[in-house]
Amino acid sequence: MQGNAYGASLAGGAFDVGSFVKKPQTVLRFLSWVFSIVVFASITAEGYINPETQGNTKCMFNENDSTCSYAVGIGILAFLGCFIFLLLDAYFPNISNAKERKYIVIGDLAFSAAWTFLWFICFCVLANQWSKTTMTHVVADAARAVIAFSFFSIVTWALLSYFALGRYRQGVSEFNQEYTDPAQDHTSPYPPPQSTYQQGPFTSSQGQQGEYQPPTY
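What you see is a predicted model; the values in this text were computed from it and never measured.

Describing the overall build of the protein
Consideration 1: The number of helices and strands found in the protein is 6 helices and 4 strands.
Consideration 2: Listing each helix as α and each strand as β along the protein from the N terminus yields β-β-α-α-β-β-α-α-α-α.
Consideration 3: Per-residue burial for the protein yields a buried fraction of 30% across its 217 residues.
Consideration 4: Of the contacts made within the protein by residues no fewer than 6 positions apart, 78% connect residues no fewer than 24 positions apart.
Consideration 5: Approximately 14000 Å² of the protein is accessible, and the part contributed by carbon and sulfur atoms is 61%.

Points about the pattern of salt bridges
Consideration 1: Applying the stated criterion to the full structure yields 5 salt bridges.
Consideration 2: Note that D89 and R29 form a salt bridge whose closest N and O atoms lie 2.5 Å from each other. Of this pair, D89 sits in helix 3 (residues 65–91) while R29 sits in helix 2 (residues 24–46), placing them 60 residues apart in sequence. Assigned by exposure class, D89 and R29 land together as buried.

Remarks on helix 4 (residues 98–131)
Consideration 1: Over its 34 residues, helix 4 extends 49 Å from the first C-alpha to the last, a length consistent with the 50 Å expected when each residue adds 1.5 Å.
Consideration 2: Restricting attention to buried positions, one finds in helix 4 the residues R101, I104, V105, D108, F111, S112, W115, T116, W119, C122, L126 and Q129.

Regarding the nonpolar core
Consideration 1: Judged by nonpolar contacts, the single largest core of 29 residues is most densely connected at I43, F61, W115, W119, L126 and W157.
Consideration 2: When contributions to this core are tallied by element, the ones reaching two or more residues are helix 2, helix 3, helix 4 and helix 5 (140–178).

Looking at the state of the cysteines
Consideration 1: Taken as a whole and judged by the stated rule, the model has 1 disulfide.
Consideration 2: Between the sulfur of C59 and that of C68 lies a disulfide, 1.8 Å long from S to S. In this structure, the disulfide formed by C59 and C68 twists by about 70° around the S-S bond and is classed as right-handed. Each member of the pair, C59 as well as C68, carries the same accessibility label: buried.

Regarding helix 3
Residues that lie three or four places apart on an α-helix share one face, since the helix turns once every 3.6 residues.
Consideration 1: Between its first and last C-alpha atoms helix 3 spans 39 Å; for 27 residues at 1.5 Å apiece the expected length is 39 Å, and the two agree.
Consideration 2: Taken together, the buried positions of helix 3 are T67, C68, A71, V72, I74, G75, A78, G81, C82, F85, L86 and D89.
Consideration 3: With a side-chain oxygen positioned 3.1 Å from the backbone nitrogen of S66, the residue opening helix 3 is N64.

Section: the packing of helix 3 against helix 4
Consideration 1: The contact between helix 3 and helix 4 brings their axes to 10 Å, and the two run at 155°. Looking at the two axes, helix 3 sits roughly antiparallel to helix 4. Like other packed secondary-structure pairs, helix 3 and helix 4 cross with a definite hand, here left-handed. Contacts between helix 3 and helix 4 pair T67, Y70, A71, I74, G75, L77, A78, G81, F85 and L88 from the former with I104, G107, D108, F111, W115, L118, W119, I121, C122, V125, L126 and Q129 from the latter.

Quick word on the packing of aromatic side chains
Consideration 1: A complete count under the given rule lists 13 aromatic pairs for this structure.
Consideration 2: On the numbers, 5.4 Å between centres and 55° between planes, the contact of F35 with F149 is tilted. Remark: F149 occurs in helix 5 and F35 occurs in helix 2; sequence separation between them is 114 residues.
Consideration 3: Its relative accessible area of 22% is what places F149 among the partly exposed residues.
Consideration 4: In this structure, R167 packs its charged tip against the face of F92, placed 4.6 Å from the ring centre.

What counts as what
Residues numbered from 1 in each chain as written. Predicted model: local features only at pLDDT ≥ 70, side-chain atom pairs only at ≥ 80, totals over all residues. Heavy atoms only, no water. Helix = DSSP H or I, 4+ residues; strand = E, 2+ residues; numbered from the N terminus. Buried < 20%, exposed > 50% of the residue type's maximum accessible area, 1.4 Å probe, protein only. Contact = heavy atoms within 4.5 Å. Areas by Shrake-Rupley, 256 points an atom, 1.4 Å probe, with all protein chains shown as cover. Salt bridge = Lys/Arg side-chain N within 4 Å of Asp/Glu carboxyl O. Expected span 1.5 Å × (residues − 1). Core = buried A, V, L, I, M, F, W, Y, C linked by side-chain atoms within 4.5 Å. Disulfide = S-S within 2.5 Å. Polar contact = N/O pair within 3.5 Å; in protein donor to acceptor, adjacent residues only side chain to side chain. Axes fitted to C-alpha atoms, helices over the stretch in contact; angles between N-to-C directions. Parallel < 35°, antiparallel > 145°, perpendicular 65-115°, else oblique. Left-handed = near helix turned anticlockwise from the far one by under 90°. Phe/Tyr/Trp six-rings, centres within 6.5 Å; stacked < 30°, edge-to-face > 60°. Lys NZ or Arg CZ within 6 Å of the ring centre and 35° of its normal.

Here you go:
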């Protein structure tokens, strides 16, 4: 295990709360966590209304229940993902296995990239359905807040993807630079392995024999 791997120092160091809170990834995860709460909480609290002509509640976005369900689902999963990766970021320096660090960074990159795309779809769907909404008993401020924070989530998750990609590239480059072939490592205190092959006992004598000479009597 090297002194630095995938953007974190060698395992075993003391956990510094101040430096952890000031990390860009921590700030972005916290913002993404807050944005997700705003999205699914606003829809859950004020996103379903009861039209005058119908008895059942309908989504405030053009009475399309699928739109509200999608936004709530994406928001809740983003909330859980931010919480899990915040814990992993805090525990990351204590992981001594480079492969485990690699898997965590790859998982962070894949999840962040996927949620960037999903939030982009959510924003487009919400904006499209809101432009088609004709109901009058709609809390417009809540709808606009959901759309705005969906857009903000695209930015924060895209930045998280960027930082995760940087950590992955850093880990790969450090591994390639620090790995050396033992046969070509001239700084090693151990001598290079010698060949154990030995020439056969009859090879030399047979190679020096000339042409056949008849015996003399």
